[in-house]
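# A structural walkthrough
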Protein chains: 2
Amino acid sequence: MTDPFPDIPQVTIVGPGLLGASVGLGLRACGYAGHLVGVSRTQATLDEAQRVGAIDAGFTEIGPAVQVDGKVVVLLAVPLGRFAEVFKKAAPHQRRGMYLTDVGSTKLSVCAEAKRYLSQPQFFVPAHPMAGSEQQGPTHAKAGLFRGKPCVLCPDDATDENALRAVTTMWEALGAVIHTMTADAHDHQVAAVSHLPHLLAVLLAQTADEIGPLDLASTGFRDTTRLAASNPPMRADIITNNRKPIAEAMDRFASRLNDLRGVVRKGKDEELLALLEGAQEIRRGWEQRRADGAG
Amino acid sequence: MTDPFPDIPQVTIVGPGLLGASVGLGLRACGYAGHLVGVSRTQATLDEAQRVGAIDAGFTEIGPAVQVDGKVVVLLAVPLGRFAEVFKKAAPHQRRGMYLTDVGSTKLSVCAEAKRYLSQPQFFVPAHPMAGSEQQGPTHAKAGLFRGKPCVLCPDDATDENALRAVTTMWEALGAVIHTMTADAHDHQVAAVSHLPHLLAVLLAQTADEIGPLDLASTGFRDTTRLAASNPPMRADIITNNRKPIAEAMDRFASRLNDLRGVVRKGKDEELLALLEGAQEIRRGWEQRRADGAG
């Protein structure tokens, strides 16, 4: 195994929870020989992350965790609501060769905070690795968590080239499939394929529960409502940070729902069949492309 | 193994496709020693059902398939759109000791057709075993398809007691968990837990496809849209036969969706969190009861 980026002697993981610690484990597993440092307000998290081998050392403040001779990649793996605070704390330590990236589920909000609080926002490369788990904390971290999963990078014209190169190399080393797009495109796409599905699952669970007992619910209900079981504060945080694209996606959905109600009520059977066939084609096409991509 | 209903010398399966042939295989597997007879317009289906062991003999007409000394259970496992025709053909052969049941996904429409076309509708016990597969035809039939799955029976005050007893025994022998309710209650409940989820999956696939490329879609999208891949003509048939309860469920959903759009747009974060927590509780409660029931 060759070290994927021998010119970066340290990676600092701010928030070595499930995602952060998985980055540490994944880097070690792919041959990274540099120093892995964790930052958390909670000593127990640092201890646990160190125990599982995700970090070599831990600090409760950012300062000492980024003071290193040479280059360092600083990964922000904290909840969306804590980015402002972490950017503020990182700002005084910024210097050439200190590159930042993150795992935030929304990108326009994170970019805006980076521009507002960092002294040198050009060294921040916004990232969203699309991997996760129902579980939390470093105990459940996995070296292969990002393997084969999309990782969206949202650099802009101001982004430093060396920062982009280092961060891209890191995510590639973890096995992620890089997609580069604007923060705006990212937020609209995840609103459609991730945030809207979650809210529909939430509303479906409530509507079905309102109508009657759920005794007859089976695999269809299980799959369509699975996302309704996910962590409420984390999900609320994501929705709050992607309000506009989500509301737009909801508008489009509501308009289609309204049309379909008319089709069902009025018994427009040919229109109904054409609609079901169109959706089946979209769904199957996506599944096929996905299988091809994975193969 | 004891024959679960030795007093019924024959079971006739009208439409030995996936569900019908699974009943034949299941009855054989649980020790039923009587005669299993299939009816299909398609000789190839009869041949295939006989090859897999789901029926002993096949007929292309109902008449000879129900002429038997003693009792017979006649199972209608045809698409919803064909019930009227099958009831009409069965009517002239009705007699005491000939009990009918079905596997139709909606019940008020089937009951109405039974009352309209059968000469003795009291011998029909409406049933909906909630099992299925993406696959079709007798080749994919499974003896254990109904094991542990809900089977809804919708007898009414006029239903013959012996018919109800025979049909209940058959579904129990197949391992199904019997739920008894009115056809109206059934149709409202499946509208909520099965038909509405399907239509939401359809609309989500279309909305997400409209918004942008589906490259970032992952497991959440996969699960919430899985039902959109199911057989369009069969699904259209079900929707057409359960129009009113589905439209009502869509209305309730649309009203909740509208409220939530307001919450998201206006940034009512506490309300949002409470909503997500409520849905999580419903979903987890259902999953827990389901696990308890299965255990």
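Calculation rules
Residues numbered from 1 in each chain as written. Chains lettered and ligands numbered in written order. Predicted model: local features only at pLDDT ≥ 70, side-chain atom pairs only at ≥ 80, totals over all residues. Domains from an automatic or database assignment. Contact = placed C-beta atoms within 7 Å. Nonpolar A, V, L, I, M, F, W, Y, C, P; charged D, E, K, R; others polar. Helix = DSSP H or I, 4+ residues; strand = E, 2+ residues; numbered from the N terminus. Expected span 1.5 Å × (residues − 1). Buried ≥ 20, exposed ≤ 12 C-beta atoms within 10 Å, placed from the backbone. Arc of directions from axis to C-beta. Least-squares fit on C-alpha atoms with pLDDT ≥ 70 in both. Axes fitted to C-alpha atoms, helices over the stretch in contact; angles between N-to-C directions. Parallel < 35°, antiparallel > 145°, perpendicular 65-115°, else oblique. Left-handed = near helix turned anticlockwise from the far one by under 90°. Pairing = 2+ DSSP bridges.

## Examining the domain arrangement of chain A
Residues and elements named next belong to chain A. Examined at the domain level, chain A breaks down into domain 1 (10-181) and domain 2 (186-294). Measuring from the centre of the C-alpha atoms in domain 1 to the corresponding centre in domain 2 gives 31 Å. The partner domain 2 presents 10 residues to the 14 residues of domain 1 that form the contact. Looking at the side of domain 1 that touches domain 2 residue by residue, the classes come out as 6 nonpolar, 6 polar and 2 charged.

## Thoughts on helix α6 (residues 161-173) of chain A
Residues and elements named next belong to chain A. The end-to-end C-alpha distance of α6, which contains 13 residues, comes to 18 Å, matching closely the 18 Å that a straight helix rising 1.5 Å per residue would cover. Those residues of α6 that fall on the buried side of the exposure criterion are Ala-163, Ala-166, Val-167, Met-170 and Trp-171. Each buried residue of α6 lies within a common arc of 130° when the element is viewed along its axis, so the set occupies one face. Of the surrounding elements, those touching the buried residues of α6 are β4 (72-76), β5 (98-102), β6 (124-125), β7 (127-129), β8 (150-153) and β9 (177-180). Of the residues one or two after α6, Gly-175 is the one with positive phi, at around 90°.

## Here we look at the relation of the copies chain A and chain B
When chain A is fitted to chain B, the best match, at an RMSD of 0.1 Å, comes from turning it 180° and sliding it 0.0 Å along the axis. Each copy turns onto its partner about a two-fold axis. Considering only C-alpha atoms, the residue of chain A closest to the rotation axis is A:Thr224, which sits at 2.1 Å. When the interface residues of chain A are mapped onto chain B, 100% of them are again interface residues, pointing to one common binding face.

## Details of the packing of helix α4 (residues 83-90) of chain B against helix α5 (residues 108-117) of chain B
Residue and element names in this part refer to chain B. In the contact formed by α4 and α5, the axes pass within 9 Å of each other and the chain directions differ by 30°. Of the possible angle classes, the one that applies to α4 and α5 is roughly parallel. Regarding α4 and α5, the two cross each other, and that crossing is right-handed. Judged by residue contacts, Phe-83, Ala-84, Phe-87 and Lys-88 of α4 engage Val-110, Glu-113, Ala-114 and Tyr-117 from α5. When grouped by side-chain class, the residues that make up the contact of α4 with α5 number 6 nonpolar, no polar and 2 charged.

## Things to note about the packing of helix α7 (residues 183-211) of chain A against helix α10 (residues 243-266) of chain B
Contact geometry of α7(A) with α10(B) gives a least axis separation of 10 Å together with a crossing angle of 130°. Judged by the inter-axis angle, α7(A) sits oblique to α10(B). Every pair of crossing elements has a handedness; the one defined by α7(A) and α10(B) is right-handed. For the pair α7(A) and α10(B), the contacting residues are A:Leu199, A:Leu203, A:Gln206, A:Thr207, A:Glu210 and A:Ile211 in the first and B:Ala249, B:Arg252, B:Phe253, B:Arg256, B:Leu257 and B:Leu260 in the second.

## Comments concerning the sheet that holds β9(A)
All names here are of chain A. One open sheet accounts for 3 strands, arranged β7-β8-β9; its pairing is mixed. Edge positions in the sheet fall to β7 and β9, since each of these pairs with one other strand and no more. Neighbour to neighbour, the strand axes of the sheet diverge by 20° on average, direction disregarded.

## Here we look at the pairing of strand β1 (residues 10-14) of chain A
Residue and element names in this part refer to chain A. With 5 of 5 residues buried, β1 lies mostly within the body of the structure. Of the two faces of β1, the one lined by Gln-10, Thr-12 and Val-14 and the one lined by Val-11 and Ile-13 are each fully buried. Pairing analysis gives 5 bridges linking β1 to strand β2 (residues 35-39), with the strands arranged parallel. Bridged to Thr-12 within β2 is Val-37.

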